[in-house]
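# Summary of the model geometry
Listed below are the residues making up each chain.
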Amino acid sequence: MSTFNFPETNVPFVDLARQYRALRPQLMQAFDEVGESGVYIMGERLESFERKAATYCETRYALGVANGSDALFLVMKALQIGRGDEVITCPNSFIATAWAIVATGARPVFVDVGADMNMDPAWLRKAITPRTRAIIPVHITGRPAAMDEICEVAREHGLHVIEDAAQAIGARYHGKRVGSLGTAGCFSLHPLKNLGVYGDGGLITTDDEALARKISLLRNHGLRNRDACGVWGYNSRLDPLQAACAEIKLAHLDQWNTRCRAIAQHYRKALGSQVEVPVDAAHEEAVYHNFVIRSLERDALKAHLLARGVDTRIHYPIPIHMQETAIELGYGEGDFPNCERYARSMLSLPIFPELTEAEISAVIEGVVSFHSTRALVA
């Protein structure tokens, strides 16, 4: 019989209401201020957040857009990437990374990932063709990709590097913030992200003034002013109310990320002998949007944890190249063996700043109780 005491409380995978309750007075004040201003599209509240976001991300410019998918799309449109072009990315991301490429008219080209689940630079060179225009590394789970090697390949071939940093705001690579390492950085402000708003939202960062100007036009119908339209554009603006909420949260982001790193270290220390756990390299500072373990008996482990009241997720069980919508790209099972192997063994444990010590202990006890007599991950 098990010697573990089963917890009386359930452990949610995430609980966004906890953060809301802690910030409610500030958020209510922001709502009143925006409401009283009468400015509900664009305006000073958006510009204020953009200035602070640029400073935080260590870039010259930051532009709020409607969502993280649009952030990727608008950068590529501003770089005139489209039909006949190829953009290299990874198949183990959320579908939006590839969707944004397809939406421009370009073709997504996938390369396999390494042990950190990020783009493997060793495969990158082999994927480049005369049609390649850009590389989109994804800082998956909040862990920076190997940007030195990726940017070196890009420079050799004259390619743009567009960081998909949707899960990684605040992360550092050799001391530099993600989003400042390539041509542009693209962030999601979806409620589940480390810096999330109360609906959809996105952010683009860059040091390129000309690129920032183009994106500024494209996100707002191509308008130069209220009456003059300079280019055919889109409608992808971050609302001032969401920007005001993001600005409030930005002041807490480093503290929240530090807490997630502490939780990750707790998991790592307690579970490293039971399952495979992520281990940070000396040159990186991950923010742990997700804490992903790997187990040969992932599905059984997930069911075991759920029975004990611990909620988990799988990110992502079906790689992009194996999705029905991607059939036309010509990939098949076995093309990206690391990605596919990880998809069969990955499990995301609860990790968010408001997670309590009792909840962390319940997660650990649940994993240990299952894996103590079972095989380690391959």
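Now for a quick tour of the structure. From a predicted model like this one, the values you see are computed outputs, not experimental measurements.

## Overview of the sheet that holds strand β7 (residues 176–177)
Spatial ordering of the open sheet is given by β7-β6-β10, a layout of three strands whose pairing is antiparallel. At either margin of the open sheet sits one strand with a lone partner, and together these are β7 and β10 (284–285). Pairing of strand β6 (residues 172–173) with β10, which is carried by two bridges, proceeds in the antiparallel orientation. If you follow Y173 over to β10, its bridge partner there is E284.

## Brief notes about the packing of helix α3 (residues 68–78) against helix α4 (residues 96–104)
Contact pair α3 / α4: the axes reach a minimum separation of 9 Å and the direction vectors enclose 35 degrees. The interaxial crossing formed by α3 with α4 has right-handed handedness. Taken together, the residues of α4 that come into contact with α3 (itself represented by S69, D70, L72, F73, M76 and K77) are A96, T97, W99, A100, I101, A103 and T104. When its residues are assigned to classes, the contact of α3 with α4 shows eight nonpolar, three polar and two charged.

## Things to note about the layout of surface pockets
For the largest pocket, the calculated volume is near 790 Å³. Among the elements that line the lining of the largest pocket, the one with the most residues is helix α9 (residues 253–271), at four residues. Looking at the lining of the largest pocket residue by residue, the class counts come to 21 nonpolar, 16 polar and six charged. Considered as a void within the structure, the second largest pocket measures approximately 290 Å³ in volume. Taken together, 13 residues make up the lining of the second largest pocket; nearest its centre are E50, L63, A212, S216 and R219. Those elements that provide at least two residues to the lining of the second largest pocket are α2 (44–57), β1 (61–65) and α7 (209–218). Counting residues per element, the lining of the second largest pocket draws most heavily on α7, at four residues.

## Regarding the state of the cysteines
Within this structure, the stated rule accounts for zero disulfides. Counting only cysteine sulfurs, C186 is the nearest neighbor of C57, a cysteine outside any disulfide, at a range of 11 Å. Residue classification places C57 among the buried residues on the basis of a relative accessible area of 2%. Cysteine C339 remains unbridged, with the sulfur of C90 as its closest cysteine sulfur at 8.2 Å.

## Here we look at α9
End to end, α9 covers 26 Å across 19 residues, agreeing with the expected 27 Å (1.5 Å per residue, within 8%). Residues L253, W256, N257, C260, I263, A264, Y267, R268 and L271 constitute the buried set of α9. Buried residues in α9, looked at end-on, bunch into an arc of 140 degrees, giving them a common side. Across α9 from its buried face, at more than 90 degrees, point the exposed residues Q255 and K269. Residues of α9 that are buried in the fold lie against α1 (16–37), α2, α8 (240–250), β11 (291–294), β12 (346–349) and α12 (357–371).

## Some thoughts on the sheet that holds strand β5 (residues 160–164)
An order of β1-β9-β8-β5-β4-β2-β3 is seen for the seven strands of this open sheet, with the pairing classed as mixed. A strand with exactly one partner marks an edge of an open sheet, and here the two such strands are β1 and β3 (107–110). Taking each pair of neighbouring strands and ignoring which way they run, the sheet shows an average axis angle of 25 degrees. The pairing of strand β8 (residues 184–188) with strand β9 (residues 202–206) spans four bridges and is antiparallel. Paired with C186 across the two strands is I204, which belongs to β9. Contacts from α2 reach β1, β8 and β9, with the element oriented near 130 degrees to β1.

## Observations concerning the pairing of β9
The buried fraction of β9 amounts to five of the five residues, a majority that puts the element mostly inside the structure. Of the two faces of β9, the one carrying G202, I204 and T206 and the one carrying L203 and T205 are both buried. Across five bridges, the pairing between β1 and β9 is antiparallel. Counted as the bridge partner of A62 is T205 from β9.

## Digging into the pattern of salt bridges
Pairing is possible between side chains that carry opposite charge, provided their charged atoms lie close to one another. Under the definition given, this model contains 18 salt bridges. Two residues, R133 and D85, come together in a salt bridge whose shortest N-O distance is 3.1 Å. Note that R133 is positioned in strand β4 (residues 132–135) and D85 in the loop between α3 and β2 (86–89), a separation of 48 residues in sequence. Looking at D85, the relative accessible area reads 15%, which means it is buried. Where R143 meets E284, a salt bridge forms, and the shortest distance between an N and an O atom there is 2.5 Å. Taken together, the positions of R143 in the loop between β4 and α6 (147–157) and E284 in strand β10 put the pair 141 residues apart, joining distant regions of the chain. According to the relative accessible area criterion, E284 is buried, its value standing at 10%.

Cut-offs applied
- Residues numbered from 1 in each chain as written.
- Predicted model: local features only at pLDDT ≥ 70, side-chain atom pairs only at ≥ 80, totals over all residues.
- Heavy atoms only, no water.
- Pairing = 2+ DSSP bridges.
- Helix = DSSP H or I, 4+ residues; strand = E, 2+ residues; numbered from the N terminus.
- Axes fitted to C-alpha atoms, helices over the stretch in contact; angles between N-to-C directions.
- Left-handed = near helix turned anticlockwise from the far one by under 90°.
- Contact = heavy atoms within 4.5 Å.
- Nonpolar A, V, L, I, M, F, W, Y, C, P; charged D, E, K, R; others polar.
- 1 Å grid on protein atoms, 1.4 Å probe; cavity = no way out; pocket = protein on both sides within 12 Å on 5 of 7 lines; lining within 4 Å.
- Points joined across faces, edges and corners; volume = space filled by probe spheres on them.
- Disulfide = S-S within 2.5 Å.
- Buried < 20%, exposed > 50% of the residue type's maximum accessible area, 1.4 Å probe, protein only.
- Expected span 1.5 Å × (residues − 1).
- Arc of directions from axis to C-beta.
- Salt bridge = Lys/Arg side-chain N within 4 Å of Asp/Glu carboxyl O.

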